[in-house]
Amino acid sequence: MGKITKFGDDGEEVTMKETPTSHQPETQDDVSMADAGEEGEEGEEAYEEEESTKVRLLPGSTPTAASFEFLEENHTLGNALRYVIMKNPDVEFCAYAIPHPSEAKMNVRIQTYEGTTAVEALRKGLRDIQELCDVVSDKFLEARKDFTEKKATASA
């Protein structure tokens, strides 16, 4: 995991630890891939930079209460992420909003109890959704295979 370097209102550099590597703000004032400790081949780096603007930490966040902005996301991820994050017993509050229908942005607000951070809760929520999708995909592929096998034996 990398670190995030933000700049406060007075221009002073502020660093937050334990930030998902997917968080790379789109403004130049924030962290670049090199600052986050990400290194790779040229092709990988170009892909990571493109991927890096997907999530950013919004100003005014604290370790236990943070707002994140997701680009090119909508209610599909927002509602699933909110649901999964709220299942975490360390999370006090989680909500999402689409600021305006004409903008492809989604904001997620997470507040946690002491002992964990909002960034950790977001990371766990995204990991849990990925694991859930993997299970659904495996079950679907298995059911499709069974269906095609039964269809093939029935027609033979």
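Think of each chain on its own: its residues are numbered from 1, step by step along the sequence as written. Reporting of local features is limited, given that this is a predicted model, to residues whose pLDDT is at least 70; pairs of side-chain atoms are given and counted only at 80 or more, and all residues count toward the totals for whole chains, interfaces and linings. For side-chain calculations, the full set of non-hydrogen atoms in the structure is used, while hydrogens and water are omitted.

- For the protein, the name recorded in an unreviewed UniProt entry is DNA-directed RNA polymerases I and III subunit RPAC2, with Pseudoneurospora amorphoporcata as its organism.
- Turning to the protein, the UniProt annotation filed under Subcellular location (unreviewed entry) states: "Nucleus". UniProt positions are given in the numbering used here, feature names are shortened, and annotations may be inferred rather than shown by experiment.

## Brief notes about the pattern of salt bridges
Thought 1: Any carboxyl oxygen of Asp or Glu that lies within 4 Å of a side-chain nitrogen of Lys or Arg is treated as forming a salt bridge with it. Taken as a whole, this structure holds 4 salt bridges when the rule is applied.
Thought 2: D128 serves as the salt-bridge partner of K124, at 2.8 Å between the closest nitrogen and oxygen. Here the residue K124 and the residue D128 both occupy positions in helix 3 (residues 118–155), the gap between them amounting to 4 residues, near one helical turn.
Thought 3: Note on classification: 1.4 Å probe, protein chains only; a residue is buried when its accessible area is under 20% of the maximum for its type, exposed when over 50%, partly exposed between these limits. The exposure class assigned to K124 is partly exposed, which follows from its relative accessible area of 34%. Where helices and strands are cited, they refer to DSSP runs of H or I of at least four residues and of E of at least two residues respectively, numbered from the N terminus.

## Regarding helix 3
Thought 1: What a helix is expected to span follows from its residue count: subtract one and scale by 1.5 Å. End to end, helix 3 covers 55 Å across 38 residues, agreeing with the expected 56 Å (1.5 Å per residue, within 8%).
Thought 2: Within the span of helix 3, buried status applies to A118, V119, A121, L122, R123, G125 and I129.

## Concerning unusual backbone geometry
Thought 1: Even without being a glycine, E72 presents a positive backbone phi close to 60°.
Thought 2: Its place among the elements puts E72 in the loop between strand 4 (65–71) and helix 2 (75–86).
Thought 3: Given the relative accessible area of 58%, E72 is considered exposed.

## Some details on the nonpolar core
Across soluble globular proteins, you tend to see nonpolar side chains buried next to one another.
Thought 1: Remark: nonpolar core denotes a set of buried residues (Ala, Val, Leu, Ile, Met, Phe, Trp, Tyr, Cys) joined through side-chain atoms within 4.5 Å. Counting 19 residues, the largest nonpolar core has F68, F70, L81, I85, V108, I110 and L122 as the members making the most contacts within it.
Thought 2: Contributions of two or more residues to this core are made by strand 3 (55–57), strand 4, helix 2, strand 5 (91–97), strand 6 (105–112) and helix 3.
Thought 3: Take this core: its biggest share by element is 5 residues, from helix 3.
Thought 4: Any two residues having at least one pair of non-hydrogen atoms within 4.5 Å are treated as being in contact. Ignoring anything within four residues of it in the chain, the contact list for L81 reads F70, V108, L122, G125, L126 and I129.

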